[in-house]
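Descriptive structure summary
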Number of protein chains: 2
Amino acid sequence: MKDTSKEHFIEYLSQISQISPESKEAIFNLCSFVSINKNKNLQSIGQTCKTIYFVQDGAARIYYYKDDKDVTEYFAFENDLIIRAESLFTGKPSHKAIQAIYDTIFISIPAKPLFELFDQHHDIERLFRKVVERSYVDTINRLESLQFYSAEERYKSLIEKSPTVVRDIPLKYIASYLGITQVSLSRIRANFS
Amino acid sequence: MKDTSKEHFIEYLSQISQISPESKEAIFNLCSFVSINKNKNLQSIGQTCKTIYFVQDGAARIYYYKDDKDVTEYFAFENDLIIRAESLFTGKPSHKAIQAIYDTIFISIPAKPLFELFDQHHDIERLFRKVVERSYVDTINRLESLQFYSAEERYKSLIEKSPTVVRDIPLKYIASYLGITQVSLSRIRANFS
DNA sequence: CTGATTATTTAACAAATGTAAAAGGAATTG
DNA sequence: CAATTCCTTTTACATTTGTTAAATAATCAG
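Residues numbered from 1 in each chain as written. Chains lettered and ligands numbered in written order. Predicted model: local features only at pLDDT ≥ 70, side-chain atom pairs only at ≥ 80, totals over all residues. Heavy atoms only, no water.

Per an unreviewed UniProt entry, chain A goes by the name cAMP-binding protein and belongs to Fulvivirga imtechensis AK7.

Attention now moves to unusual backbone geometry. Residue and element names in this part refer to chain A. A positive phi angle, near 65°, is found at Asp68, a position not held by glycine. Counting through the fold element by element, Asp68 comes out in the loop between strand E4 (60-66) and strand E5 (69-76). Of note in this structure, Asn79 is not a glycine but carries a positive phi near 75°. Relative to the helices and strands, Asn79 resides in the loop between E5 and strand E6 (81-82). Its relative accessible area of 22% is what places Asn79 among the partly exposed residues. (Helix = DSSP H or I, 4+ residues; strand = E, 2+ residues; numbered from the N terminus. Buried < 20%, exposed > 50% of the residue type's maximum accessible area, 1.4 Å probe, protein only.)

A separate point is the relation of the copies chain A and chain B. It takes a turn of 180° to lay chain A on chain B, together with a shift of 0.0 Å along the axis; the resulting RMSD is 0.0 Å. Such values leave the two copies arranged in the relation of a two-fold axis. A share of 100% of interface residues in chain A that are also interface residues in chain B marks the association as one of identical surfaces. (Least-squares fit on C-alpha atoms with pLDDT ≥ 70 in both. Contact = heavy atoms within 4.5 Å.)

Residues A:Ile27, A:Ile109, B:Ile27 and B:Ile109 are the most contacted members of the largest nonpolar core, which totals 62 residues. Setting aside residues up to four positions removed in sequence, B:Ile109 forms contacts with B:Phe9, B:Ile27, B:Leu30, B:Cys31, B:Thr51, B:Ile52, B:Phe54, B:Leu114 and B:Phe128. (Core = buried A, V, L, I, M, F, W, Y, C linked by side-chain atoms within 4.5 Å.)

A few words now on the sheet that holds E4(A). Strand order in the open sheet formed by 4 strands is E2-E7-E4-E5 (chain A), and the pairing between neighbours is antiparallel. Of all the strands in the sheet, just strand E2 (41-43) and E5 of chain A have a single pairing partner and so form its edges. Averaged over all pairs of adjacent strands, the angle between strand axes in this sheet comes to 35°, irrespective of strand direction. The pairing of E2(A) with strand E7 (residues 96-100) of chain A spans 2 bridges and is antiparallel. Residue pairing in the sheet places A:Gln43 in a bridge with A:Ile98 of E7(A). Packing against the sheet, helix H5 (residues 122-148) of chain B makes contact with E4, E5 and E7 of chain A, and its axis sits at approximately 135° to E5(A). (Pairing = 2+ DSSP bridges. Axes fitted to C-alpha atoms, helices over the stretch in contact; angles between N-to-C directions.)

Let's shift gears to the protein's contact with DNA strand D. In the vicinity of DNA strand D lie 18 residues, with A:Ser184, A:Arg187, B:Leu171, B:Lys172 and B:Ser186 positioned nearest. Across the atoms of DNA strand D situated within 4 Å of the protein, the share located in sugar and phosphate is 63%. B:Leu171 places a polar main-chain atom, nitrogen or oxygen, 3.0 Å from a phosphate oxygen of DNA strand D. Listing elements by their share of the surface near DNA strand D, those giving two or more residues are helix H9 (182-191) of chain A together with helix H8 (171-177) and helix H9 (182-191) of chain B. (Near = heavy atom within 4 Å. Polar contact = N/O pair within 3.5 Å; in protein donor to acceptor, adjacent residues only side chain to side chain.)

Attention now goes to the pattern of salt bridges. Per the stated rule, a full pass over the model turns up 28 salt bridges over all chains. Put simply, A:Asp119, A:Glu125, B:Arg126, B:Arg129 and B:Glu133 are held in one network by salt bridges that share partners. (Salt bridge = Lys/Arg side-chain N within 4 Å of Asp/Glu carboxyl O.)

Those residues of helix H6 (residues 151-161) of chain B lying buried are B:Ala151, B:Arg154, B:Tyr155 and B:Leu158. The arc that holds every buried residue of H6(B), seen down its axis, measures 100°, which confines them to one face. (Arc of directions from axis to C-beta.)

Moving on, we come to the sheet that holds strand E6 (residues 81-82) of chain B. Within a beta sheet, neighbouring strands are joined by backbone hydrogen bonds and run either parallel or antiparallel to one another. All names here are of chain B. In space, the 4 strands of this open sheet follow the order E1-E8-E3-E6, with antiparallel pairing throughout. Edge strands, defined here as strands with exactly one partner in the open sheet, are strand E1 (32-36) and E6. By the bridge criterion, 6 bridges tie strand E3 (residues 51-57) to strand E8 (residues 104-110) in an arrangement that is antiparallel. Bridging across to E8, Val55 finds its partner in Phe106.

As structure tokens, this is what we get:
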């Protein structure tokens, strides 16, 4: 049963970029599952990120503290990549943590052997290049929304783009994700909806 | 003279990730120069981005209009990559433009033949994977600063990180880059400096 | 089920940032 | 170098968002 989950995951990946059966097997052999209970950390602040995760089932977030306040930087749902890129790609410790929002199962791929696979399997490197490109585009779009859209516009566009987030995720996390306080988000919700 | 500039550029690239002499030559043959006068666009709004640029000499920015107001999303200086990634990686038209801030020379690499080079030259694909990873990390860091840092904090950290920007770039561009108005930036400058 | 905890909303006020308009400086052009 | 245009600052006021605290509402554990 766990193996079929892995196979589904590999299928999902190969839709992003075609990979050979051997490459599929090589990735398959690196994948393992990690279960994390609600509100527990998968990765803690201060660790250097050396693992790539995808959400298999559940939801997770990346967060950090700014002036003792919890700030959510990113949400991940089924099949979503969740990495602390600024640590993984630089080798520096991360000031961010990864936390399960519900009881969540992650697929875990250790970075070092994965990067070694890149040497033998050009198609795997290409796949992960495209995975990173997607995340990059998502981040650019979020940057644009934070740069010059009002809190209300940002909230409305989140509802449109990911209704599930607004329905299922605690508002305190959503507020900081939008770059505002809970109180401010409550006000916005009171005016429209 | 132009050829030595190209060679310098290729050297710069190969410091990011080692590439073979053949790969260097293949990239070399794809590179060309484009000169753009101050305040002129290198790429216009509405175009789909099909070219990768690096700044050879001068400076440039990516901008778009939000409610008829000019918003600078990104600055690029010597050796910096400048692409409208959300268009290049998705094939959709971009609502952003690339503009020379001074008279500027760009190195231009057409995306299609470059992506074709990826097939024969694994090391070139790796190089550009790393280039994109760097941009991704930069964008994540900017996202963090916009998400929960005050305008004043953002301005101060820009001074620290890129004093040249604050010294050389018109303030009207810097203000929107920081996600604030010119008036607000003037106020911040009046209080500290 | 009940008390305790946690999440969300509301209220009142403070601070930050936006808007519009005018004034002063700097740069550019004829 | 004079005139024009563009850039930056300042002012006054409006709006948005933040802060603190209290009141509800929802969830969780025993």
